[in-house]
Amino acid sequence: MAATLDRPAVDVRKLDPYSFLAVLGKRVIHPGGRRSTEELFGLAQLQPGQRTLDVGCGVGTTAIQMAHRYNVGVTAVDIAPLMLERARRNVHRSGLDGKIEIEHGDILALRFPDNSFDRVIAEAVTMFVNRRQAARELVRVCRPGGMVLATEFFWRQPPTEEAREVFLGQVCPGMQLDKLDGWVRIYKDAGLTGLQVRSGPFEMMTPRGFLQDEGFLNATACLLRGVSRITYVRKMAWLMPRISRAVPYLGYILVAGVKP
Ligand SMILES: C[S@@+](CC[C@H](N)C(=O)[O-])C[C@H]1O[C@@H](n2cnc3c(N)ncnc32)[C@H](O)[C@@H]1O
């Protein structure tokens, strides 16, 4: 596939589902969608001038919202060059370059000193790595009195063997899910107190959720992009029925806590 000046060539077949969604132009790429991000903002009590960190920022949507709506300074990191490229472009288009710094970073080994940020968020990231280590790292870089907020997938009800195998074996190999209390324990063990929890259904990939998260115009643009290349069509034809099989059993959990 030919590369363009600003867009490196991508082998679509090898992309994980969330990178593929980013390639299609999707802006919200976590299981709770905009609903869980609004809940996160509600719990975070963001104040102008605070230093915030968005780990695994994807295409930068939440980082842009935080800077735009709450006038906070945002550092946003991601491990994937594809996401970083799109996040930088989206931040530039939003005119918020002065308020948001985008850089490469690994949730397992953040470059920031202890106690650096007032708020640390990670939407749908720790489940891809060593979860306990990642949670400790989020807490480490948060200042005492500051808050860590994270959203994750969780099993709302016990999945069938088939749904579990399709989702964790084929769609997202290596991803680690938990039940609600399992996630809460991880963040408690990482050192957070005063834990607050929200949860809800996984609607990101249902037609209603897609439309709610992206709005009519971007949902249509994603769809048109999805049918614009045979490799995209094949990928969607493989992905969508598999995700659909797991949807009834999946939900999102949002955990928020204070670093003592
Ligand atoms: C499901 S997407 C969520 C993206 C974004 N937070 C959002 O909600 O739209 C997971 C993101 O985590 C990033 N990621 C995966 N492993 C990571 C790691 N070890 N360190 C930092 N980011 C990571 C991926 O590149 C991807 O952007």
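The structure this text deals with has already been given above.
The sections below set out a description of the structure shown in this document. It should be emphasised that the depicted structure is a prediction, and the values quoted were computed from it without experimental measurement.

Although it is not a glycine, Asn115 sits at a positive phi angle of roughly 60°. As for its placement among the helices and strands, Asn115 is situated in the loop between strand S3 (100-104) and strand S4 (117-123). The backbone phi angle of Ala124 is positive, close to 60°, even though this residue is not glycine. Along the chain, Ala124 turns up in the loop between S4 and helix H5 (131-140). You can call Ala124 buried: its relative accessible area is 10%.

A few words now on the site of the ligand. Around the ligand, a shell composed of 18 residues is seen, among which His30, Gly56, Asp78, Asp106 and Ile107 lie nearest. One of the backbone nitrogen or oxygen atoms of Ile107 is found 2.9 Å away from a nitrogen atom of the ligand. In isolation the ligand exposes 590 Å². Once the protein is present, 94% of that is buried. By residue class, the composition of the shell around the ligand is 11 nonpolar, 4 polar and 3 charged.

So, about the pattern of salt bridges. Going through the model one piece at a time under the given rule, you end up with 12 salt bridges. In this structure, Arg69 and Glu38 form a salt bridge, with 2.7 Å as the shortest nitrogen-oxygen distance. Remark: Glu38 occurs in helix H2 (residues 33-44) and Arg69 occurs in helix H3 (residues 61-70); sequence separation between them is 31 residues. A residue is classified by how much of its surface remains accessible, and Glu38, at 37% relative accessible area, is partly exposed. A salt bridge links Asp178 to Arg131, with the shortest nitrogen-to-oxygen separation between them at 2.8 Å. Here Asp178 is found in the loop between helix H6 (161-171) and helix H7 (180-189), whereas its partner Arg131 is found in helix H5, with 47 residues between them in sequence. One exposure class covers both Asp178 and Arg131, and it is buried. Put simply, Asp114, Glu137 and Arg140 are held in one network by salt bridges that share partners.

Reading across from one edge, S3-S2-S1-S4-S5-S7-S6 is the order of the 7 strands in this open sheet, with mixed pairing throughout. Across the chains shown, the open sheet's two edge strands, defined by having one partner strand only, are S3 and strand S6 (193-201). With strand direction ignored, the average angle separating the axes of adjacent strands in the sheet is 15°. Of the pairings in the sheet, the one linking S6 to strand S7 (residues 250-258) comprises 7 bridges and is antiparallel in character. For Arg198, the partnering residue across the bridge sits in S7 and is Leu254. Helix-sheet contacts for helix H4 (residues 81-94) involve strand S2 (73-78) and S3, and the interaxial angle to S3 is about 170°. Each of strand S1 (51-55), S4 and strand S5 (142-155) touches H5; the most contacted strand, S5, lies at about 150° to it.

With that out of the way, let us pick up the nonpolar core. By size, the foremost hydrophobic cluster in this structure holds 65 residues, and its most contacted members are Leu53, Val55, Val120, Phe167 and Tyr187. With 6 residues, the single largest contributor to this core is S5. Non-local contacts of Val120, meaning those with residues more than four positions away in its chain, are made with Leu53, Val55, Leu138, Val141, Cys142, Met147, Val148 and Leu149. Counting 24 residues, the second-largest nonpolar core is a separate cluster that includes Leu40, Leu43, Val91 and Leu254.

Within H7 the residues assigned to the buried category are Gly182, Trp183, Val184, Ile186 and Tyr187. As for H7, its buried residues are in contact with H5, S5, S6 and S7. A positive phi of about 115° marks Gly191, the residue just after H7.

What counts and what doesn't
Residues numbered from 1 in each chain as written. Predicted model: local features only at pLDDT ≥ 70, side-chain atom pairs only at ≥ 80, totals over all residues. Heavy atoms only, no water. Helix = DSSP H or I, 4+ residues; strand = E, 2+ residues; numbered from the N terminus. Buried < 20%, exposed > 50% of the residue type's maximum accessible area, 1.4 Å probe, protein only. Near = heavy atom within 4 Å. Polar contact = N/O pair within 3.5 Å; in protein donor to acceptor, adjacent residues only side chain to side chain. Areas by Shrake-Rupley, 256 points an atom, 1.4 Å probe, with all protein chains shown as cover. Nonpolar A, V, L, I, M, F, W, Y, C, P; charged D, E, K, R; others polar. Salt bridge = Lys/Arg side-chain N within 4 Å of Asp/Glu carboxyl O. Pairing = 2+ DSSP bridges. Axes fitted to C-alpha atoms, helices over the stretch in contact; angles between N-to-C directions. Contact = heavy atoms within 4.5 Å. Core = buried A, V, L, I, M, F, W, Y, C linked by side-chain atoms within 4.5 Å.

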